[in-house]
Amino acid sequence: MSSKAPSLLDAYRQVRRHSEELIAPLSAEDAVTQSMPDASPAKWHIAHTTWFFETFLLKPRLAGYAEFDASFGYLFNSYYEALGARQPRPQRGMLTRPPLHRVLDYRLHVDEHMQALLAGEPDAELEALVRLGLAHEEQHQELLLMDILHLFSLSPLAPSYGEGHAPPACGPQRFLAIQGGLLGIGHDGQGFAFDNEAPAHRCFLAPFEIAESLVSNGQWLAFIEDGGYRRAEFWLSDGWAKVQEEGWEAPLYWRRQDDGWHAFGLAGLRPLELDAPVLHVSYYEASAYANWAGARLPTEMEWEVAARDGRLRQLYDAAWQWTQSAYAPYPGFRPGAGAVGEYNGKFMVSQMVLRGGACITPAGHSRPSYRNFFHPEKRWMFAGLRLARDLPEQAALDPHARELAEDLEAGFSLQPRQLSPKYFYDAAGSELFEAICRTREYYPTRSETALLKRIAPALAERIPADCTLVEFGSGASEKTCLLLDAAAQIRRYVPIDISPAALDKAAARLQRDYPALRVEPLCADFTRLEALPPALADGPRLGFFPGSTIGNFAPEQALAFLQGAHELLGPGASFIVGVDLRKDVKVLEAAYNDAEGVTARFNLNLLQRINRELGADFQLDRFDHLAFWNPEHSRIEMHLVSRAEQRVRIAGMEYLFRAGERLHTENSYKYAIDDFRALAERGGWLVREHWTSAEPAFAVFRLQA
Ligand code: AVI
């Protein structure tokens with residue numbers, strides 16, 4: 001079997017044959033009766049689609065073509081003003097003449113001549129018109145089935161047209177998050193589309209979520225049972241008026257019988273299938289249902305963006321889906337020249353857009369940009385609905401979470417994605433960091449502690465009386481005791497930390513162990529602190545920044561921090577800074593890849609925190625910890641690596657992580673003595689002294705303002 005797209009002539013033959021197959025189950029009486037002004041008899045549909053080819057293709061383009069019947073222009077013109085007077089639409093059912101067999105002869109006549117027209121290589125304009133004629137005929141194939149169903153629904157015999165047009169069942173009613181932004185919609189000109197789908201253009205969408213499946217009969221039943229058709233609060237004003245006027249109690253073809261609800265369809269009257277999509281509801285009903293369900297209808301732009309996302313079910317094979325968009329031209333829309341320009345353009349008012357496709361839509365007829373449209377009260381189409389909801393605005397978050405959300409949004413828009421390591425230190429993260437410090441491989445804490453013990457007397461000698469000790473990123477304040485034990489002249493202690501839990505715990509312990517000390521904890525991001533509260537820091541000041549936390553800043557940030565600390569601590573202050581030193585790569589890499597996996601848990605805890613604080617859905621087992629030495633930048637880098645392609649929802653946004661994609665979570669710069677000395681001096685400090693620990697080497701600097 002060839003997988004090639006059919007030639008134009010083959011496509012023509014297939015579409016035309018399908019129309020004839022559709023009328024095969026009908027009697028001559030079925031084919032001529034008009035059940036309401038909106039519907040047309042089947043005979044009229046198959047004549048009108050033939051008239052389209054005769055009028056727009058054969059007459060203007062096939063030399064010597066003789067019109068089949070001069071009266072047919074009046075009988076089978078639908079709405080083209082440019083082509084003159086026509087049979088009024090509500091009276092198409094009066095056309096008992098020509099008889100059906102003459103209409104079928106008309107089809108044969110036109111088909112023969114179309115074959116002659118398409119025998120050569122058609123030019124682009126001819127091909128475009130034929131494709132329009134075929135798409136038009138496919139629309140009428142669907143209309144024919146809609147109209148037959150309406151006709152049969154009025155028959156006391158409840159006839160069956162036939163099997164084979166059932167929609168697929170609704171699946172899980174999950175909502176899928178779609179990231180907003182400036183997004184493209186509309187047809188890009190590749191392949192056939194109707195004029196109303198163009199021009200392609202961009203529109204701004206706020207983040208939203210949209211249901212994976214359509215609303216089911218079962219859900220609709222719950223709406224009915226909850227008084228949905230009797231409670232004005234769910235309805236638009238026009239819709240409520242319509243419900244009263246028409247006495248609507250259920251979708252168009254639902255019938256309440258002694259043994260429960262039934263639905264009439266092309267296969268006849270059947271017990272209601274609860275997991276089938278609801279069909280034959282008006283826009284007004286769809287909108288009322290959405291209100292009742294605490295949701296809304298999507299806009300047509302949202303629908304199209306979501307359809308292109310690839311995760312929605314029942315897009316084209318179940319029911320047309322009402323949108324909350326009024327049918328209007330796209331920016332820059334121009335109708336085609338001549339009578340075909342009347343095809344779509346003149347209907348762009350008072351109708352609502354439906355997207356997707358239905359179980360009676362010919363296969364392959366629709367596409368993501370397809371715009372169907374009907375008046376809001378119409379119900380005989382195969383119309384259903386898919387719900388949408390706004391995603392909570394970031395404003396709903398508390399200020400801390402909002403800051404995280406904003407930093408995350410900014411960092412995740414970079415390539416590679418990144419997030420500041422300051423977010424590691426929630427309560428669990430602070431404890432995990434303490435656990436890292438106890439691992440065999442993580443030497444900085446041990447090296448620095450040993451060094452501080454050794455030099456504490458020397459440091460104490462240089463600490464002035466009545467001094468205030470200000471510690472940046474104090475965490476558990478463990479190394480602080482080494483200074484406090486050696487220098488009783490320290491009167492006040494100001495630990496500054498971003499984690500309230502760690503801060504409270506450490507402050508309480510120090511207050512207990514050093515009753516003469518005034519402990520004044522300050523919960524803050526010390527990189528953003530512009531001044532110390534005056535009451536907290538009178539007298540000489542001593543800054544303390546151990547642990548090589550300065551290594552978590554990029555060199556320019558480290559410089560800014562040193563300058564800021566100079567300002568904050570003020571004239572005459574001293575500053576004790578711990579700095580990890582460059583060394584053997586094996587030692588460095590082992591320190592960030594401990595065998596127990598504590599560092600990995602610390603790294604992954606960042607995702608846990610985002611889940612908790614921003615309602616995100618990271619699955620921790622779908623990311624790996626990665627830490628390695630980057631010699632070019634003289635730093636250890638930590639990342640989280642996505643194990644597979646996955647989507648993560650965070651604070652109303654959705655992020656795609658490709659397999660192997662990294663989230664950069666931390667840098668830990670390692671210095672040479674001279675490099676740090678130069679940096680401190682650029683930061684405005686005098687480097688008074690430095691000491692180096694035993695291997696693995698770590699340095700402590702004493703700076704003077
Ligand atoms: C706090 N900071 C100095 C530690 C470091 O070594 O960069 C944080 C850390 N990250 C992984 N292990 C420890």
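Basis of the calculations
Residues numbered from 1 in each chain as written. Predicted model: local features only at pLDDT ≥ 70, side-chain atom pairs only at ≥ 80, totals over all residues. Heavy atoms only, no water. Core = buried A, V, L, I, M, F, W, Y, C linked by side-chain atoms within 4.5 Å. Buried < 20%, exposed > 50% of the residue type's maximum accessible area, 1.4 Å probe, protein only. Helix = DSSP H or I, 4+ residues; strand = E, 2+ residues; numbered from the N terminus. Contact = heavy atoms within 4.5 Å. Polar contact = N/O pair within 3.5 Å; in protein donor to acceptor, adjacent residues only side chain to side chain. Pairing = 2+ DSSP bridges. Right-handed = clockwise from strand over helix to strand, strands pointing away.

A. Local environment of the nonpolar core. Judged by nonpolar contacts, the single largest core of 100 residues is most densely connected at Phe76, Met114, Trp220, Trp254, Trp322, Phe382 and Leu385. Per-element tally for this core: the top contributor is helix 6 (residues 124–153), with 13 residues. Ignoring sequence-local partners within four residues, the contact set of phenylalanine 382 consists of Met146, Leu149, Leu266, Leu279, His280, Ala319, Trp320, Ala358, Cys359 and Ile360. With 38 residues, the next largest nonpolar core counts Ala401, Ile436, Leu607 and Ala651 among its residues.

B. Quick look at the side chain of lysine 378. Counting through the fold element by element, lysine 378 comes out in the loop between strand 10 (372–374) and strand 11 (383–384). The exposure class of lysine 378 is buried, given its relative accessible area of 18%. A distance of 2.9 Å separates a polar atom in the side chain of lysine 378 from a polar atom in the side chain of aspartate 38. When near neighbours in sequence (up to four residues on either side) are disregarded, lysine 378 contacts Asp38, Val281, Ser282 and Trp322.

C. Local environment of unusual backbone geometry. With an omega of -5°, the peptide bond running from arginine 97 to proline 98 counts as cis. For proline 98, the position within the fold is in the loop between helix 4 (72–76) and helix 5 (100–117). Residue proline 416 is reached from glutamine 415 by a cis peptide bond, and omega for that bond is -5°. Take proline 416: it is sitting in the loop between helix 11 (399–412) and strand 13 (417–418). Positive phi outside glycine occurs at alanine 158, with the angle close to 45°. Relative to the elements of secondary structure, alanine 158 occurs in the loop between helix 6 and strand 1 (175–178). Non-glycine residue serine 634 carries a positive phi angle of around 55°. Looking at where serine 634 falls in the secondary structure, it is placed in the loop between strand 20 (623–630) and strand 21 (635–642). Using a relative accessible area of 10% as the deciding quantity, one classes serine 634 as buried.

D. Expanded view of the pairing of strand 18 (residues 541–545). Counted residue by residue, strand 18 has five buried out of five residues, so it is predominantly covered. The alternating pattern of strand 18 places Arg541, Gly543 and Phe545 and Leu542 and Phe544 on opposite faces, both of which are buried. Taken together, the four bridges between strand 18 and strand 19 (residues 574–580) define a ladder with parallel strand orientation. Across the sheet, leucine 542 pairs through a bridge with serine 574, a residue of strand 19. Between strand 18 and its parallel partner strand 19, the chain crosses via helix 16 (residues 555–569), and the hand of that crossover is right-handed.

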